[in-house]
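Observations on the three-dimensional arrangement
Chain residues, written in single-letter form:
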Amino acid sequence: MDSLTQIILGAACGEAVLGKKIGNKALLFGAIGGTIPDLDVFIGKWIYCNEIQAMAFHRGFMHSILFAIVGCFLFGWLTYKLYNTSKRKGTTELKDWVLLFFWAILTHPILDCFTPYGTQLFAPFSNYRVAFNTISVADPLYTVPFLICMIILMFYNRTKTKRKWWLKAGVFISSLYLVFTVFNKFYIDNVFKNSFEKQGIDITRFSAQPTILNNILWYAVAETKEQYHLTFYSLLDKKSISDKFITLDKSPSLIDMTDKNLQTLAWFSNQYYDISKKDKIGTYKYVDLRYPMLNPDDLNSSIFNFTLYNENNEWDILPFDGNPPNKEDFATFIERLKGI
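Let me begin by describing the structure that accompanies this report. For every chain, the first residue of the written sequence is number 1, and numbering continues from 1 along that sequence. Where totals are concerned, whole chains, interfaces and linings use all residues; where local detail is concerned, this predicted model gives features only for residues with pLDDT of at least 70, and gives and counts side-chain atom pairs only at 80 or more. In computing side-chain properties, one takes all heavy atoms of the structure into account and sets aside hydrogens as well as water.

Notes on the pattern of salt bridges
Here, a salt bridge means any side-chain nitrogen of Lys or Arg that lies within 4 Å of a carboxyl oxygen of Asp or Glu. All chains considered together, the criterion is met by 12 salt bridges. Of the charged contacts in the structure, one is a salt bridge between Glu51 and Lys45, with a shortest N-O distance of 3.3 Å. Exposure remark for Glu51: the relative accessible area of 24% places this residue in the partly exposed category. Here the term buried applies to any residue with accessible area under 20% of the maximum for its type, exposed to any over 50%, and partly exposed to those in between, with areas from a 1.4 Å probe on protein chains only. The partly exposed category is assigned to Lys45, whose relative accessible area is 46%. Among the ionic pairs, Asp243 bridges to Lys239, the shortest N-O distance being 2.5 Å. Members of the salt-bridge network, linked through shared partners, are Arg205, Glu223 and Lys250.

Below you can see the structure in the form of structure tokens.
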């Protein structure tokens, strides 16, 4: 999920492990631990000159269970040595820091698994991307109550019982909402299945996810042999199914998708993608169809798209080349969320 949410979750882990011993400093170290996996965004750019490979590196090994196990000992030992100076000697133990970083790092990719982006939880043994698609990468109903609880507990002394109560409240409320998104996902998937059947669309597979910042308006892309079908459904809709679709014909491949980098990009999109020519010669528009358009009626309002180009016989991308959302698209999005 977004960086703020991961910082809050990491801070909660720090509080749970070391809050009673070092107070608010545990929140800080937990927040640092919760941020570590996302440093792969910067590390990927250092390792790879190619944007496609750098993008694929994100939510890879540094978001895996193995990294949490290895990283907790490395960061735990390093922090223990730096923290336990003469003034603080004996206030904490090495195992405290190992546990703090283990939970702060591990809970980060586990939470990410609930989002549509996908997380290589079992790397380097498998590149399978775990994606439950139950919650948006940014959802204030998960983050804000959790944040409020964490802020309140900071004003209590580390030995006070109320501090522990507010920690439990934050974890409980956020976890309860996450469970709601899971059950909501089962319900929505059933709605979309019924919608496709009602329209006589013989799908081979489909993917559904909530739209940004909410768990009310959902989007689905369904694949048939010759087409993709895109549709939305809101929990506030009066109808029990979705009956408005955007149909996109599968066009013959404009470029050779057997290229290593292009195969990585297709893998990243879980094979839901569309490629079209752009005005500039030698460039192509690549749209990841897993992600919804801001304007439910306009395929061109998809923000998650890239410009493909070939340089020195290597395919690469200019990331996130979509147009900034305009007021009309945003207004249409809000109207669709309210239901039809």
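Next, the rest of the story.
Thoughts on the sheet that holds strand β7 (residues 305-311)
A sheet is described by the order of its strands in space; here four strands give the open sequence β5-β6-β7-β8, paired in antiparallel fashion. Of all strands in the sheet, those bounded by a partner on one side alone are β5 (273-277) and β8 (314-318). Across the sheet, the axes of successive neighbouring strands diverge by a mean angle of 30°, strand direction being ignored. Paired strands, in this sense, are two strands between which DSSP finds at least two bridges. Here a helix means four or more residues in a row that DSSP labels H or I, a strand means two or more in a row labelled E, and each is numbered from the N terminus. Pairing geometry for β7 and β8, over five bridges, is antiparallel. Within the sheet, the bridge partner assigned to Thr307 lies in β8 and is Leu318. Residues count as neighbours in contact if any of their non-hydrogen atoms are within 4.5 Å of one another. Angles here are taken between N-to-C directions and fall from 0 to 180 degrees, while the axes themselves are lines fitted to C-alpha atoms, restricted in helices to the stretch in contact. Strands β5, β6 (283-288), β7 and β8 of the sheet are contacted by helix α9 (residues 260-268), whose axis makes an angle of about 45° with β8.

Quick notes on the layout of surface pockets
Empty space among the atoms becomes apparent when a probe as large as a water molecule is rolled across them. Both cavities and pockets are sets of points on a 1 Å grid over the protein atoms alone; in a cavity a 1.4 Å probe fits but cannot get out, in a pocket the set is open with protein on both sides within 12 Å along at least five of seven lines, and lining residues sit with an atom within 4 Å of a point. Grid points are joined across faces, edges and corners, and a volume is the space filled by probe spheres set on the points. Of the pockets and cavities examined, the second largest pocket occupies roughly 380 Å³. Around the second largest pocket, the lining is made up of 22 residues, and of these Arg129, Ala131, Asn133, Asn270 and Arg290 lie nearest the centre. Top contributing element to the lining of the second largest pocket by residue count: strand β1 (residues 205-210), with five residues. Taken together, the residues of the lining of the second largest pocket sort by class into 12 nonpolar, six polar and four charged. Asp, Glu, Lys and Arg are counted as charged, while Ala, Val, Leu, Ile, Met, Phe, Trp, Tyr, Cys and Pro are counted as nonpolar; the rest, among them Gly, fall into the polar class.

Considerations on a positive patch on the surface
Candidates for patches are residues over 30% relative accessible area with no salt bridge; among them, like charges are joined within 9 Å and nonpolar side chains (Val, Leu, Ile, Met, Phe, Trp, Tyr) within 5 Å. For the accessible areas, the method is Shrake-Rupley and the probe is 1.4 Å, while residue cover comes only from the protein chains on display. Residues scored as charged are limited to Lys and Arg (positive) and Asp and Glu (negative), so that His and the chain ends carry no count. By convention, the point assigned to a charge is CZ for Arg, NZ for Lys, CD for Glu and CG for Asp. Taken together, the side chains of Lys25, Lys87, Arg88 and Arg158 define a basic patch exposed on the protein surface. Relative to the helices and strands, Arg88 resides in the loop between α5 (65-83) and α6 (94-112).

Observations regarding the nonpolar core
The biggest cluster of nonpolar side chains holds 18 residues, and the ones touching the most others in it are Met55, Ile255, Leu265, Ile275, Phe306, Leu308 and Ile317. The element best represented in this core is α9, accounting for four residues. Excluding residues within four positions of it along the chain, Met55 makes contact with Tyr117, Leu265, Phe268, Phe306 and Ile317. Counting residues in hydrophobic clusters, the runner-up holds 17 residues, among them Leu9, Phe146, Met150 and Tyr177. Put simply, a nonpolar core is a bunch of buried Ala, Val, Leu, Ile, Met, Phe, Trp, Tyr and Cys residues held in one set by side-chain atoms that sit within 4.5 Å of each other.

Describing unusual backbone geometry
Following Ala123, the chain continues into Pro124 via a peptide bond in cis, with omega recorded as 5°. Here Pro124 is to be found in the loop between α6 and α7 (140-153). For Arg59, which is not glycine, the phi torsion reads 60° and is therefore positive. For Asn313, which is not a glycine, the phi torsion comes out positive at approximately 60°. Within the fold, Asn313 resides in the loop between β7 and β8. Judged by relative accessible area, which is 75%, Asn313 ranks as exposed.

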